[in-house]
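So the chains spell out like this:
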Amino acid sequence: MQKKVHVLFVCLGNICRSPMAEAVFRHMVMEEGLDGAISVDSAATSSWHIGEPPHKGTVAKLKEYGISTEGMAGRQVSRTDFDQFDYIIGMDTSNIRNVRDLLGQPDHPKIFRLLDLTERSMDVPDPYFTGDFQETYDLVIEGCRILLDKIRMEHSI
Ligand code: 4NP
């Protein structure tokens, strides 16, 4: 059997954007019957919210769309993540910079910004500061759809 593809989403706190992307992407993977082939996780560049559940705004927005956040808890990126994950996806430019530092990998193609997959080439706005969880959700959906197509193509799954 083919080795699982491991996907890691990263943001600053691991309570708003990256858990949203994790839950959305896992939901898409399950809908396409690929949960045996793709695993999904998320982590923070900071240590501020380790062990905490996702932000209530993220939980509420996902609930509106029938997406569960059950059992999710914040963690920080660690060096071993570089070997364990095939795709390490930051939500914004500073996440990319910080994750490269934390992983000791100045430039590697498996580390990239989510919306660079789209024609927008922009940061996913942080709803911790904007308060707009809908805007973030819409952009996360857009990026995750393209990400899933990319992974399916690159791994023939
Ligand atoms: P996130 O948002 O990186 O999308 O999880 C934030 C969460 C918490 C903080 C900043 C951003 N904070 O300052 O605690």
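This report concerns the structure included in the present document. (Residues numbered from 1 in each chain as written. Predicted model: local features only at pLDDT ≥ 70, side-chain atom pairs only at ≥ 80, totals over all residues. Heavy atoms only, no water.)

### Comments concerning the pairing of strand S1 (residues 5-11)
Among the seven residues of S1, six are classified as buried, and the element is accordingly described as predominantly covered. In terms of strand pairing, S1 meets strand S2 (residues 38-44) through seven bridges, oriented parallel. In the strand pairing of S2, Cys-11 is matched with Ala-44. Handedness of the crossover is the feature at issue here: the chain leaves S1, passes through helix H1 (residues 17-31), returns alongside S2, and the resulting connection is right-handed. Pairing of S1 with strand S3 (residues 87-90) involves four bridges; the strand directions are parallel. Directly across from Val-7, in S3, lies its bridge partner Tyr-87. (Buried < 20%, exposed > 50% of the residue type's maximum accessible area, 1.4 Å probe, protein only. Helix = DSSP H or I, 4+ residues; strand = E, 2+ residues; numbered from the N terminus. Pairing = 2+ DSSP bridges. Right-handed = clockwise from strand over helix to strand, strands pointing away.)

### Section: the side chain of Arg-113
Here Arg-113 is to be found in strand S4 (residues 111-113). The exposure class assigned to Arg-113 is buried, which follows from its relative accessible area of 13%. At 3.2 Å, the side chain of Arg-113 and the side chain of Thr-93 are in polar contact. Here the side chain of Arg-113 touches Asp-116 through a polar contact of 2.8 Å, side chain to side chain. If sequence neighbours within four positions are ignored, Arg-113 has contacts with Ile-89, Gly-90, Met-91, Asp-92, Thr-93, Ile-96, Ser-121, Met-122 and Asp-123. (Polar contact = N/O pair within 3.5 Å; in protein donor to acceptor, adjacent residues only side chain to side chain. Contact = heavy atoms within 4.5 Å.)

### A word on the pairing of S3
Neither face of S3 is exposed, since Tyr-87 and Ile-89 on one face and Ile-88 and Gly-90 on the opposite face are all buried. Sheet topology places S3 next to S4; three bridges connect them, and they run parallel. Residue pairing for S4: Gly-90 is matched across the bridge by Arg-113. Where the polypeptide runs from S3 across helix H4 (residues 93-103) and back to S4, its parallel neighbour, the crossover connection is right-handed.

### Notes on the environment of Tyr-128
By secondary structure assignment, the location of Tyr-128 is in helix H5 (residues 127-130). For Tyr-128, a relative accessible area of 46% puts it in the partly exposed group. Between the alpha carbons of Tyr-128 and Gly-57 there is a distance of 8.6 Å; along the sequence they are 71 residues apart. Those residues in contact with Tyr-128 that lie beyond four places of it in its chain are Ile-15, Cys-16 and His-55.

### With respect to the site of the ligand
The ligand sits among Cys-11, Leu-12, Gly-13, Asn-14, Ile-15, Cys-16, Arg-17, Trp-48, His-49, Asp-126, Tyr-128 and Phe-129. Within the contact set of the ligand, an oxygen atom lies 3.3 Å away from a backbone nitrogen or oxygen of Asn-14. Within the contact set of the ligand, an oxygen atom lies 3.1 Å away from a backbone nitrogen or oxygen of Ile-15. Calculation on the ligand without its partners gives an accessible area of 360 Å², and the protein chains cover 92% of this total. (Near = heavy atom within 4 Å. Areas by Shrake-Rupley, 256 points an atom, 1.4 Å probe, with all protein chains shown as cover.)

### A few points about unusual backbone geometry
Its identity as a non-glycine residue notwithstanding, Ser-121 has a phi of 45°, on the positive side. Mapping Ser-121 onto the fold places it in the loop between S4 and H5. The exposure class assigned to Ser-121 is partly exposed, which follows from its relative accessible area of 43%. Phi at Ser-156 takes a positive value of approximately 50°, unusual for a residue other than glycine.

### Some thoughts on the sheet that holds S1
Strand order in this open sheet of four strands is S2-S1-S3-S4, and the pairing throughout is parallel. Across the chains shown, the open sheet's two edge strands, defined by having one partner strand only, are S2 and S4. Going across the sheet, the axis of each strand differs from the next one's by a mean of 25°, ignoring polarity. Helix-sheet contacts for H1 involve S1 and S2, and the interaxial angle to S2 is about 175°. Seen against the sheet, helix H6 (residues 133-155) touches S1, S2, S3 and S4 and runs at an angle of roughly 150° to S1. (Axes fitted to C-alpha atoms, helices over the stretch in contact; angles between N-to-C directions.)

Any link to function would need more than the numbers given here.
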